[in-house]
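A structural walkthrough
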Amino acid sequence: MAATSSPAVLPTINAPPAIDTAQQIGPTPAFRSFINHISTTVQTGFANRRPWSELLDRSAFSKPESLSDATLRIRKNYTYFRINYLSALAVVLAFSLITNPFSLLVLSGLLAAWLFLYLFRPSDPPLVIFGRQFSERETLGLLILSTVVVIFLTSVGSVLVSALMIGLAIVCTHAAFRVPEDLFLDDPQDSPATGFLSFLSGGAANAAAVAVAPAVASRV
């Protein structure tokens with residue numbers, strides 16, 4: 001009687017774990033946290049702005065008596081209309097960039113490079129461009145060099161400076177001629193500011209800290 005042959009044993013192959021493509025392609029938690037914090041801060045700022053009709057009330061304008069009077073008006077009006085003035089500056093800056101498409105494109109590319117090549121990019125794997133591998137120090141050096149070139153050796157720097165100067169001139173002129181006697185400066189939300197962007201110091205600073213912390217920790 002012929003012996004029965006045992007069935008052949010096929011080799012087993014362990015399938016590699018599935019790769020979550022959504023996690024790889026989608027934004028990192030740090031980036032989402034950064035965007036959420038900035039969005040919340042901007043929404044809070046706009047919610048606390050003063051009525052534009054109060055800002056443009058013609059009956060409240062008069063010529064300052066002296067330079068010290070104009071300076072005092074600027075300080076008081078800035079304290080009261082801080083968010084409105086920042087909005088006006090943002091509009092002037094946005095208009096300047098929109099009317100200069102090259103500057104807008106270059107500045108957007110520079111910002112995207114900082115965000116996605118350094119701040120929100122994991123340190124492993126290293127950055128590879130055109131087949132060349134760049135270390136973290138080389139990446140940072142290239143970004144700093146690119147920023148210096150863009151700001152000081154192209155028209156982007158002049159566009160930004162011109163827009164800020166025009167915006168500040170508009171704000172200071174309005175604040176110097178706007179009589180602040182009818183403003184309720186003892187409002188709790190009108191605490192003295194330490195800088196022209198002080199209303200962003202809370203939310204934006206925390207957002208930046210939360211967003212940059214994972215990138216910094218991965219590079220230590």
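Residues numbered from 1 in each chain as written. Predicted model: local features only at pLDDT ≥ 70, side-chain atom pairs only at ≥ 80, totals over all residues. Heavy atoms only, no water.

The protein chain is annotated in an unreviewed UniProt entry as PRA1 family protein from Nicotiana tabacum. The protein chain has a UniProt comment under Sequence similarities (unreviewed entry) that states "Belongs to the PRA1 family." Entered under Subcellular location (unreviewed entry) in the UniProt record, the comment concerning the protein chain runs "Membrane". (UniProt positions renumbered as here; feature names shortened; annotations may be inferred.)

Some points on the pattern of salt bridges
This model, assessed by the stated rule, comprises 1 salt bridge. Among the ionic pairs, Arg73 bridges to Asp69, the shortest N-O distance being 3.6 Å. You can see Arg73 and its partner Asp69 sitting in helix H4 (residues 67–80), 4 residues apart, about one turn around the helix. (Salt bridge = Lys/Arg side-chain N within 4 Å of Asp/Glu carboxyl O. Helix = DSSP H or I, 4+ residues; strand = E, 2+ residues; numbered from the N terminus.)

Topic: helix H8 (residues 155–177)
The end-to-end C-alpha distance of H8, which contains 23 residues, comes to 33 Å, matching closely the 33 Å that a straight helix rising 1.5 Å per residue would cover. By the burial criterion, the buried members of H8 are Val156, Gly157, Val159, Leu160, Ala163, Gly167, Val171, His174, Ala175 and Ala176. Where the residues of H8 are buried, they touch helix H3 (52–55), H4, helix H5 (82–98), helix H6 (101–119) and helix H7 (136–153). (Expected span 1.5 Å × (residues − 1). Buried < 20%, exposed > 50% of the residue type's maximum accessible area, 1.4 Å probe, protein only. Contact = heavy atoms within 4.5 Å.)

Re a nonpolar patch on the surface
A cluster of nonpolar side chains, Ile144, Leu145, Val148, Val149, Phe152 and Leu153, forms an exposed patch at the surface whose accessible area comes to about 610 Å². Overall, the relative accessible area of 66% leaves Leu153 in the exposed class. (Patch = residues over 30% accessible without salt bridge, like charges linked within 9 Å, V, L, I, M, F, W, Y side chains within 5 Å. Areas by Shrake-Rupley, 256 points an atom, 1.4 Å probe, with all protein chains shown as cover.)

Quick look at the packing of aromatic side chains
Within the structure shown, the criterion is met by 2 aromatic pairs. Centre to centre, the rings of Tyr80 and Phe81 are 4.8 Å apart; their planes meet at 85°, and the pair counts as edge-to-face. In this structure, Tyr80 and Phe81 share a single accessibility class: buried. Centre to centre, the rings of Phe81 and Tyr85 are 6.1 Å apart; their planes meet at 55°, and the pair counts as tilted. (Phe/Tyr/Trp six-rings, centres within 6.5 Å; stacked < 30°, edge-to-face > 60°.)

Remarks on the UniProt feature "transmembrane region" (unreviewed entry) in the protein chain
The UniProt feature table records "transmembrane region" (unreviewed entry) at residues 80–98, 104–122, 143–176 and 196–217. Between the end C-alpha atoms of residues 80–98 there is a gap of 29 Å, over a span that is 95% helix and 0% strand.

Side note on the nonpolar core
Membership of the largest hydrophobic core is limited to 9 residues, which are Leu55, Tyr78, Tyr80, Phe81, Tyr85, Leu89, Val171, Ala175 and Leu183. Mapped by element, the contributors of at least two residues to this core are H4, H5 and H8. Among the nonpolar cores identified, the runner-up in size contains 6 residues, and Leu110, Val150, Val159 and Leu160 belong to it. (Core = buried A, V, L, I, M, F, W, Y, C linked by side-chain atoms within 4.5 Å.)

Concerning the packing of H6 against H8
Contact geometry for H6 and H8: axes closest at 9 Å, N-to-C directions at 105°. Classified by the angle between their axes, H6 and H8 sit roughly perpendicular to one another. For the pair H6 and H8, the contacting residues are Phe102, Ser103, Val106 and Leu107 in the first and Ser155, Val156, Val159 and Leu160 in the second. Partitioning the contact of H6 with H8 into residue classes produces 6 nonpolar, 2 polar and no charged. (Axes fitted to C-alpha atoms, helices over the stretch in contact; angles between N-to-C directions. Parallel < 35°, antiparallel > 145°, perpendicular 65-115°, else oblique. Nonpolar A, V, L, I, M, F, W, Y, C, P; charged D, E, K, R; others polar.)

Some remarks on H4
In this model, H4 (14 residues) spans 20 Å end to end at C-alpha, consistent with the 20 Å of a helix rising 1.5 Å per residue. Among the residues making up H4, those that are buried are Ala70, Arg73, Asn77, Tyr78, Thr79 and Tyr80. Here the buried face of H4 lies against H3, H5 and H8.

Examining the confidence of the model for the protein chain
Per-residue confidence for the protein chain gives a mean pLDDT of 74, with 64% of residues at or over 70. The low-confidence segment residues 18–26, where pLDDT is below 50, has 2 contacts with residues more than four positions distant or belonging to other chains. Taken together, the stretch residues 187–205 has pLDDT below 50 and engages in 34 contacts with residues farther than four places along the chain or on a different chain. (pLDDT = per-residue confidence, 0-100.)

A few points about the environment of Gly157
Looking at where Gly157 falls in the secondary structure, it is placed in helix H8. In this structure, the C-alpha to C-alpha distance between Gly157 and Ser103, residues 54 residues apart in sequence, is 8.6 Å. Among all residues touching Gly157, those that are not within four sequence positions of it are Val150 and Ile151.

A closer look at the side chain of Arg178
For Arg178, the location among the structural elements is in the loop between H8 and helix H9 (203–219). On the basis of relative accessibility, which here comes to 0%, the residue Arg178 falls in the buried class. In terms of polar contacts, Arg178 uses its side chain to reach the backbone carbonyl oxygen of Glu54, at 3.1 Å. Setting aside chain neighbours within four positions, we find Arg178 in contact with Glu54, Leu55, Ala60, Phe61, Arg73, Asn77, Phe81 and Leu183. (Polar contact = N/O pair within 3.5 Å; in protein donor to acceptor, adjacent residues only side chain to side chain.)

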